[in-house]
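Analysis of the macromolecular model
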Amino acid sequence: MTDASWEVLSNQAVAASGVVYFLALLAHLVQWAGLRRLPAEQQVTSGRIAMAGRLGVLLTVVAVGVHLIALVGRGMASDPNRVPWGNMYEFTLSGTFFVGLLYLVFLRRFKLEWMGPLVVAFVLSMMMLAVLWLYEPVAPLTEALYSYWLVIHVVSAVIATAAFTLGGLCSVLYLLKERSRAERGYLARLPGLTSLDRISYRMHAFGFPVWTFAVLITGPIWAHEAWSSYWNWDPKEVWAFITWVVYAAYLHARATAGWKGRNAAIVALVGLATLWFNFIGINFFSSTSQHSYAAPAAIHSTTTEVS
Amino acid sequence: MSDTGGRDRQATPMPNDMNARELGRWLWRQLTSMRTALVLLLLLALAAIPGSIVPQEDVDSIGVSRWQDAHPELTPVYEKLGLFSVYDSPWFSAIYILLMISLVGCIVPRTGVYWRALRAKPPRAPRNLSRLPEHAAYTTHDGGADVLERAAAELKRRRYRVVVGEDSVSAEKGYLREAGNLVFHISVLVVLVGFAMGGLFGYKGGVIVVEGQGFSNDLTQYDDFVPGSMFTATDMEPFSFTVEDFEVDWLTEGPRAGMARKFVSTLGYQETPSSAVKSYDLRVNHPLKIGTTEIFLIGHGYAPVITVRDGNGDVAYSGPTIFLPVDETFQSFGVVKAADARPGQIGLEGEFYPTFALGDGLPRSSFGDLADPVLSMLVYTGDLGLDGGGGESVYVLDKSNAEQVLKEDGKPFRLDMREGDSIVLPDDLGTVTFEGIERWNKIQISRTPGKLIALTGVSLALLGLCASLFIRPRRVWVRTRRDENGETVVDLGALDRSNGGDPERGEHELAAITLSLQGTGKVSP
Ligand code: HEM
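Since this is a predicted model, take the numbers as computed values, not measurements. (Residues numbered from 1 in each chain as written. Chains lettered and ligands numbered in written order. Predicted model: local features only at pLDDT ≥ 70, side-chain atom pairs only at ≥ 80, totals over all residues. Heavy atoms only, no water.)

1. Focus: the overall build of chain A
- Assigned secondary structure in chain A consists of nine helices and zero strands.
- Seen in sequence order, chain A has helices and strands lined up from the N terminus as α-α-α-α-α-α-α-α-α.
- Taken over the C-alpha trace, chain A has a radius of gyration of 21 Å; the compact-globule value for 307 residues is 19 Å, and the two agree within 12%.
- Taken along the three principal axes of its C-alpha coordinates, chain A extends 70 × 55 × 30 Å.
- When contacts within chain A are restricted to residue pairs at least 6 apart in sequence, long-range pairs at least 24 apart make up 77% of them.
- In the structure as shown, chain A presents an accessible area of about 12100 Å², 68% of it carried by carbon and sulfur atoms.
- Within chain A, one finds 20 positive and 15 negative side-chain charges whose respective centroids are separated by 22 Å. (Helix = DSSP H or I, 4+ residues; strand = E, 2+ residues; numbered from the N terminus. Rg over C-alpha atoms; globule rule 2.2 N^0.38 Å. Contact = heavy atoms within 4.5 Å. Areas by Shrake-Rupley, 256 points an atom, 1.4 Å probe, with all protein chains shown as cover. Lys, Arg positive; Asp, Glu negative; His and termini not counted. Charge placed at Lys NZ, Arg CZ, Asp CG, Glu CD.)

Written as structure tokens, this is what we have:
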């Protein structure tokens, strides 16, 4: 296959997985519309409603698979072949892929069926945003990005981002459920507050070491190879550090009396806000960041730094 | 549960009357409480933000000057607040120093507590096991001692530390969680020490070397040099190198057309003046290590070779002149200072366009490679401030006492030259010749002692963190008693002491233990 046909394949796979995510969303909507009519305590394990739920999960599996094809196609379309995370479009594509994948991986373990509709809706809308506003044709990377550290550093950052995103979702639901008195419907059917808090914690507990690895180990090592200094307080680094510190505070919050639950959930959401701001905001607002993917640099900007 | 130390230690309310000693102790308790650590962490995050918004002296000094020019009123205020070097500012330092003190105050007592807990036996069974969050009970014909013996064996198999009492078994596991937590917090300190060492004893410098020219590692040869505060010049390794060749590959098509890549700078280098010359292909992401010093290729650009002959026909300036690129098209800016020119000094200032083009009537470069190189400079004469002796930058022409050379119609006289062109200046000032084009490399050289310490620190921190987050400390108790029918009642209870807890898994484990004691059904792992 030629590079051009890989690119076409990738674009088609993005569209196809979008359609399948949409079908999965429909299946989950049918499921939850049915569940609304039943009291929250009533478990549903068979019949039309349960079928719709299982279909939703099955379709999500298919969609994530096709999503993976889109990523592989993207990497193969580049010359030389590379990992598909070189610009915002590709980051969003891989980030959402890992959100879907982690959801499926943890589905059984943490009993996450209730998360299905939200995860699918989130992935679908992020993919649409990426296609509409962030799309860029396949292009070679700037020199500093050709390093195996790109693979390790970015994949860990993206996985941690996905885990924090899922954890943040639990925290939002925690805060909503805490204020809700509904006896039926989505919020009423969610796991209890203690469980939500715990699932959120475990997502964060998974994400935090991965983020530490990405930001405080592989990041500095790579920065040193490429730009000669381990840590430069570049805006992207500053915000990655801020995110790390806020999540450390979150883990402390959960171990501090009076901060468990509600306050911890708020700290977690602050962490998520810093994380996304770093991903979205810094690329557009900061021209000095060496991490800015908005424009290609010479080798990088220090050529103009000489005074 | 005193053995989790800091976990249960909360800020205590302030007593009404106390003496200095008590006050000190109270303050210390406040500082080392979990809540203070939490607040300090959040403060640290908050304090880091301004440094990503206001340009920082260490990161982008040009950005700082530009910002200061644009905001003359705010500048003094910002300067007072240290907003141009947030990460060295007193308030930022205050927060992390407090955090570190709090950390030490937290680690030391917790290590003691942990040390004692390690050697302590698993605690005795609580009176009422059925009050525990996880519990089970069954009745059997087996004798009590027999059940306890089997319970001990089963729990040992499950890697519990077990103590058998008269009528009960106590078991505990997951000691490494707290160890991991302590290792993590200590490692944070280790990383900071390593980091500080790099800052104190290391150095970082940059030099621009024109292709064909050389560099030896001596303070005087650097263009910019940032030493650590404890750095001494004797720490510098006596190597030298020559940039023998530089190659770069320009993309001419595709979405990134115009981008340069595959930079390779071929260095010939000697580790010491007496050692043999070796060769190294210096590339981005592939620094050259000589001893503990590392050499990086971080930039490149053009150096037009310019010769200035003065009014008397003597060569007043000649050589490759470094032009600094201003954007990705490698449109570059440079200055020539011919101080010895007579009758008047001659200064040139202007642009170099590797691929000349006109866009909207303005000259610019359309591509970084040398497709149609043009040099375009304005000419100044008079006192260019070149006799003052040092201090002035080679990239800035001081025009305050000079006058611009004009054409007869009063418009600025501009030299627009292609390679090989020679232009005679008005007023018998002399001649300027554009002889050719060479390339330069920006080489960064740095030594970072302590980096291994920092690296070991972060790796240990990560290991400790994983232990702390994923090891689940648990206690299990089994107690037997005889009921009125002469049968043995077996009570089991378990306590999950991890932060995340996993009630299902815990219940699953307790059920499996119960089943295996009952000796019926399958034993699940
Ligand atoms: C540099 C600052 C600090 C950082 C980055 C940090 C980070 C962390 C992290 C990530 C955890 C989670 C691990 C876990 O839950 O087991 C944790 C737990 C903990 N930290 Fe810190 N910490 C810092 C300072 C402190 C200080 C000053 C104290 C003492 C007051 C402290 C006491 C604790 C305790 C007791 C736990 C265990 C909580 C639990 O039982 O789950 N930490 N810390």
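Read on, since the account is not over.
2. Details of the coordination of the iron atom of the ligand
- Within the protein, the atoms that donate to the iron atom of the ligand are His252 of chain A (NE2) and His185 of chain B (NE2), at distances of 1.9 Å.
- Considering all six donor atoms around the iron atom of the ligand, angles at the metal cover 75 to 179 degrees and the coordination shape is octahedral. Here His185 of chain B lies in helix H8 (residues 176-201) and His252 of chain A lies in helix H8 (residues 235-254), a pairing that spans two chains. (Donors = N, O, S within 2.8 Å, 3.2 Å for Na, K, Ca; no water. Tetrahedral: all angles 85-135°; square planar, octahedral: opposite > 155°, others 65-115°.)

3. Observations regarding the site of the ligand
- Around the ligand, a shell composed of 27 residues is seen, among which His252 of chain A together with Cys106, His185, Ser468 and Asn499 of chain B lie nearest.
- The local environment of the ligand is shared, drawing residues from chains A and B.
- Measuring from an oxygen atom of the ligand, one finds a side-chain N or O atom of Asn181 of chain B at 3.0 Å.
- With respect to the ligand, the side chain of Ser468 of chain B contributes an N or O atom lying 2.3 Å from an oxygen atom.
- Where the shell around the ligand is concerned, the elements lending two or more residues are H8 of chain A together with helix H2 (34-48), helix H6 (90-119), H8 and helix H9 (451-470) of chain B. (Near = heavy atom within 4 Å. Polar contact = N/O pair within 3.5 Å; in protein donor to acceptor, adjacent residues only side chain to side chain.)

4. Looking at the pattern of salt bridges
All names here are of chain B.
- What the rule picks out here adds up to 24 salt bridges over all chains.
- Measuring nitrogen to oxygen at the nearest pair gives 3.5 Å for the salt bridge that ties Glu172 to Arg497. Note that Glu172 is positioned in strand S3 (residues 168-173) and Arg497 in the loop between strand S24 (488-496) and helix H10 (503-518), a separation of 325 residues in sequence. Comparing Glu172 with Arg497 shows no difference in burial state: the two are buried. (Salt bridge = Lys/Arg side-chain N within 4 Å of Asp/Glu carboxyl O. Buried < 20%, exposed > 50% of the residue type's maximum accessible area, 1.4 Å probe, protein only.)

5. Brief notes about the packing of helix H4 (residues 116-134) of chain A against helix H5 (residues 148-179) of chain A
Residues and elements named next belong to chain A.
- Across the interface, H4 lies against H5 with an axial gap of 12 Å and an inter-helix angle of 125 degrees. Comparing the axis directions of H4 and H5 gives the class oblique. Read as a crossing pair, H4 and H5 show a hand that is right-handed. Two secondary-structure elements touch here, H4 through Leu118, Val119 and Phe122 and H5 through Thr165, Leu166, Leu169 and Leu173.
- Within the contact of H4 with H5, the residues separate by chemical class into six nonpolar, one polar and no charged. (Axes fitted to C-alpha atoms, helices over the stretch in contact; angles between N-to-C directions. Parallel < 35°, antiparallel > 145°, perpendicular 65-115°, else oblique. Left-handed = near helix turned anticlockwise from the far one by under 90°. Nonpolar A, V, L, I, M, F, W, Y, C, P; charged D, E, K, R; others polar.)

6. Comments concerning the environment of Leu118 of chain A
All names here are of chain A.
- Position of Leu118 among the secondary structure elements: in helix H4.
- Sequence separation between Leu118 and Leu169 is 51 residues; the distance between their C-alpha atoms is 8.4 Å.
- Every residue in contact with Leu118, bar those within four places of it in the chain, is listed here: Leu169, Leu173 and Tyr186.

7. Quick look at the interface of chain B and chain A
- At the junction of the two partners, chain B supplies 70 residues and chain A supplies 70 residues.
- Inspection of the region where chain B meets chain A yields zero salt bridges.
- Linking chain B with chain A are three residue pairs in polar contact (both at pLDDT 80 or more).
- Its residues assigned to classes, the side of chain B that touches chain A shows 40 nonpolar, 15 polar and 15 charged.

8. Some thoughts on the domain arrangement of chain B
Residue and element names in this part refer to chain B.
- For chain B, the domain assignment lists domain 1 (20-116), domain 2 (124-174 + 474-524), domain 3 (197-300 + 444-461) and domain 4 (301-441).
- Relative placement of domain 3 and domain 4: their C-alpha centres are 30 Å apart.
- In this complex, domain 3 contributes 17 residues to the contact, which on the side of domain 4 involves 17 residues.
- Interface of domain 3 and domain 4: buried area, both sides summed, is about 1300 Å²; carbon and sulfur atoms make up 61% of it.
- Three residues stand out in domain 3 for area buried against domain 4, namely Ile208, Trp250 and His300, and they jointly supply 48% of the buried area on that side.
- On the surface where domain 3 and domain 4 come into contact, there are four residue pairs in polar contact (both at pLDDT 80 or more).
- If you list the elements that add at least two residues to the side of domain 3 that touches domain 4, you get strand S4 (203-210), strand S7 (240-250) and strand S11 (293-310).
- Among the residues making up the side of domain 3 that touches domain 4, the classes are represented as ten nonpolar, six polar and one charged. (Domains from an automatic or database assignment. Buried area = accessible area lost by both parts, 1.4 Å probe.)

9. Some thoughts on a nonpolar patch on the surface
- A contiguous nonpolar patch, built from Val19, Phe22, Leu23, Leu26 and Leu29 of chain A and spanning about 430 Å² of accessible area, is present on the exposed surface.
- Mapped onto the secondary structure, Leu29 of chain A falls in helix H1 (residues 3-36). (Patch = residues over 30% accessible without salt bridge, like charges linked within 9 Å, V, L, I, M, F, W, Y side chains within 5 Å.)

10. Topic: the pairing of strand S23 (residues 474-482) of chain B
Residue and element names in this part refer to chain B.
- With seven of nine residues buried, S23 is to be regarded as a mostly interior element.
- Across six bridges, S3 lies against S23 in antiparallel orientation. Bridge pairing in S23 links Ser168 to Arg479.
- Note that S23 and S24 share nine bridges and pair antiparallel. In the sheet register, Arg482 faces S24, and the bridge partner there is Thr488.
- Between S23 and S24, which pair antiparallel and follow one another directly, the connecting turn spans five residues, one of which, Gly486, has a positive phi of 80 degrees. (Pairing = 2+ DSSP bridges.)

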